[in-house]
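# Structure at a glance
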Amino acid sequence: MYSIETEQRVIDVDDVKIGGIPGENPTVLIGSLFYRKSPLVTDEEEGKFDRARAEELITRQDELSDITGNPAMLDVEGSTPTAVENYIDFVAERTDSPLLIGGSTPDIRAAALRMVKERGLEDRVIYNSLMPECSKAEVEAILDAGIDTAVLLGYTFSDLRPQGRVEALKKLIEETENLGLSNPLLDTFVMDVPSLGIAFNAMKEVKAKIGLPAGCGPHNAIGMWRGLRKKMKIKSKRPVVASVNAFATASGADFLLYGPIEAADDVFPAVSMVDAAYGFNQVQLGKRLTREHPLFKIA
Amino acid sequence: MNKAAIFRELERAVKNFDEKAAEKYSRMAIEAGIDPVETLEEGLAKPLREVGERFGRGEAFITELIAGAQAMEAGAEVLNEEIKRHGKKRKSVGEVLIGTVEGDIHSIGKNIVATMLRANGFEVYDLGVDVSTEDFVEAVRRHKPDILGLSALMTTTMDKQRKVIDALRKAGLRDDVKVILGGAPVTREWVEEIDADACGLDASSAVVNALKLIKEE
């Protein structure tokens, strides 16, 4: 069982605790709602979508969070400023969970941050994400919007070892800290199946060397895995999505961008199981866990 | 060790992502007096092309391709010094300038295409991501590449590909360079609509079309 001795910093976002020794705080599970090619979205440019189905999915994720004790968050993406505004407007009303927002172009990011400010969502928003070589203006815009927590992405191709990810993150932490960002969450960057090994080992190294909350988006590996369908003739990705998230949890993830929110029914049980197992280990070592821990909720 | 055995070891190094072995056997090839240009082409680039072709057929992961390319680069660094020392040059198929358009920070697809172009003998200048239209035009003016590769991963940024082509025309440079488009939303219809020359719907077709464009020149 994976354990760690380095002192860990726990980051609190709107009463959700992210980080700690594996097994101490339940893994935070982040579902993506309006991702590219989501069946919910009927017009990507205008941000039109099936509102009833979206509400159903958000409610189900919140229910699973209550049942398992794994805190839930929503990752809200949009491909235009109008779309991202519509999405944020909708989700802010439907759930109290923290939201991850961002955007792939400056105008989308600006629209998202403007919504955060207008709706007073600062305290429950995490910026997703800052990448190496991000601009000073991007960091300043986040801080101006009143957001102090951001996912930093250890995106690098020059060194494919876990140390490469750790070094990229260290540099990014230093740069963003100098600009005033106080709460970094470290994403060790999953791209495909082989990169899972790099990212999971990098999470362990990040926690051992830096002591900040670490996580990743393990679902990326499944999305990119063509052989699953082509060679194994497996139509359903569900078992592998559940297991890759459980594998990430067993490697010490504090937060997981677990994939499309439609997978919540598969992911929450798998991850809560690992958290309960690690939680019991912590209890045996003398740690007192909250009664909201999966260990005390999923039996 | 004879030439065939050294080339076999280099192939193994690239396919097993072993940078140290690629360096070691590249040195050994130099010591054995084997032409460094031939070593680079037959020992390193050829196996990487095979990894690239497997990737193109959906039989290899991106990480394998990148790790293979890094092993090739490690060996190539040793060989390039020797090539330079002898005043030789690897025969370049053509020069490609590549970058992701303004407002778009996606680099994975562009990097894969750049890697595969290099493995196929192109000289590639990579301008990076979020490259402004002005910078593309300036780089074309400066480098005079045979081909300009414009990557855009989003429907919202692909219009920048049109802007670059328009700007090249205004600068009087459009007839000097072939333009190839890449990225998830790009289609053949889009190529025609904005008056580009070709597109790469995946890394393999990008290379095939780049080679075709060079032959047409």
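Structure report, in brief. (Residues numbered from 1 in each chain as written. Chains lettered and ligands numbered in written order. Predicted model: local features only at pLDDT ≥ 70, side-chain atom pairs only at ≥ 80, totals over all residues. Heavy atoms only, no water.)

### Examining the nonpolar core
Counting residues in each nonpolar core, the largest one holds 84 residues, and the members touching the most others are A:Ile18, A:Phe34, A:Val91, A:Ile101 and A:Leu130. No other element matches the seven residues that helix 2 (residues 81-94) of chain A contributes to this core. Apart from the residues lying within four places of it in its own chain, the contact partners of A:Phe34 are A:Leu40, A:Val41, A:Phe49, A:Val76, A:Glu77, A:Tyr87, A:Phe90 and A:Val91. If you look at the next biggest cluster of nonpolar residues, it comprises 54 residues, including A:Leu160, B:Ala29, B:Ala67 and B:Ile98. (Core = buried A, V, L, I, M, F, W, Y, C linked by side-chain atoms within 4.5 Å. Buried < 20%, exposed > 50% of the residue type's maximum accessible area, 1.4 Å probe, protein only. Helix = DSSP H or I, 4+ residues; strand = E, 2+ residues; numbered from the N terminus. Contact = heavy atoms within 4.5 Å.)

### Thoughts on the sheet that holds strand 7 (residues 99-101) of chain A
Residues and elements named next belong to chain A. Read around the closed barrel, the eight strands follow the order 3-6-7-8-9-10-11-12; overall the barrel is parallel. With strand direction ignored, the average angle separating the axes of adjacent strands in the sheet is 30°. Here strand 8 (residues 125-130) runs beside strand 9 (residues 149-153); their pairing, made up of three bridges, is parallel. Across the sheet, residue Leu130 finds its bridge partner in strand 9, namely Leu152. Against the sheet, helix 2 touches strand 6 (72-76) and strand 7, its axis set at about 165° to strand 6. (Pairing = 2+ DSSP bridges. Axes fitted to C-alpha atoms, helices over the stretch in contact; angles between N-to-C directions.)

### Focus on the interface of chain B and chain A
With 23 residues of chain B at the interface, the matching set in chain A holds 25 residues. Note on chain B versus chain A: buried area summed over both sides is about 1900 Å², and carbon and sulfur give 60% of it. Taken as a group, B:Phe61, B:Thr63 and B:Ile105 account for 29% of the area that chain B buries against chain A, more than any other trio of residues on that side. Run the count over chain B and chain A and you get zero salt bridges. Here chain B and chain A share six residue pairs in polar contact (both at pLDDT 80 or more) between them. Breaking the side of chain B that touches chain A down by element, the ones donating at least two residues are helix 3 (36-56), helix 4 (62-85) and helix 5 (108-119) of chain B. In terms of residues, the side of chain B that touches chain A owes the most to one element, helix 4 of chain B, which gives five residues. (Buried area = accessible area lost by both parts, 1.4 Å probe. Salt bridge = Lys/Arg side-chain N within 4 Å of Asp/Glu carboxyl O. Polar contact = N/O pair within 3.5 Å; in protein donor to acceptor, adjacent residues only side chain to side chain.)

### Overview of the sheet that holds strand 4 (residues 178-182) of chain B
In sheet architecture, strand pairing relies on hydrogen bonds along the backbone and comes in two forms, parallel and antiparallel. Residue and element names in this part refer to chain B. Taken in spatial order, the five strands of this open sheet run 2-1-3-4-5, and their pairing is parallel. Either end of the sheet is taken by a strand with one partner, and the two such strands are strand 2 (122-126) and strand 5 (198-200). Direction aside, the axes of adjacent strands within the sheet are offset by 25° on average. Two elements, strand 1 (residues 94-100) and strand 2, share five bridges in a ladder whose sense is parallel. The residue bridging Ile98 from the neighbouring strand is Asp126, located in strand 2. Across the sheet, helix 6 (residues 133-143) is in contact with strand 1, strand 2 and strand 3 (147-151); its angle to strand 1 comes to roughly 165°. Seen against the sheet, helix 7 (residues 159-170) touches strand 3 and strand 4 and runs at an angle of roughly 150° to strand 3.

### Comments concerning a negative patch on the surface
Negative charge collects at one region of the surface, where A:Asp14, A:Asp15, A:Asp96, A:Asp123 and A:Asp148 lie side by side. Inspection of the secondary structure assignment puts A:Asp123 in the loop between helix 3 (106-118) and strand 8. (Patch = residues over 30% accessible without salt bridge, like charges linked within 9 Å, V, L, I, M, F, W, Y side chains within 5 Å. Areas by Shrake-Rupley, 256 points an atom, 1.4 Å probe, with all protein chains shown as cover. Lys, Arg positive; Asp, Glu negative; His and termini not counted. Charge placed at Lys NZ, Arg CZ, Asp CG, Glu CD.)

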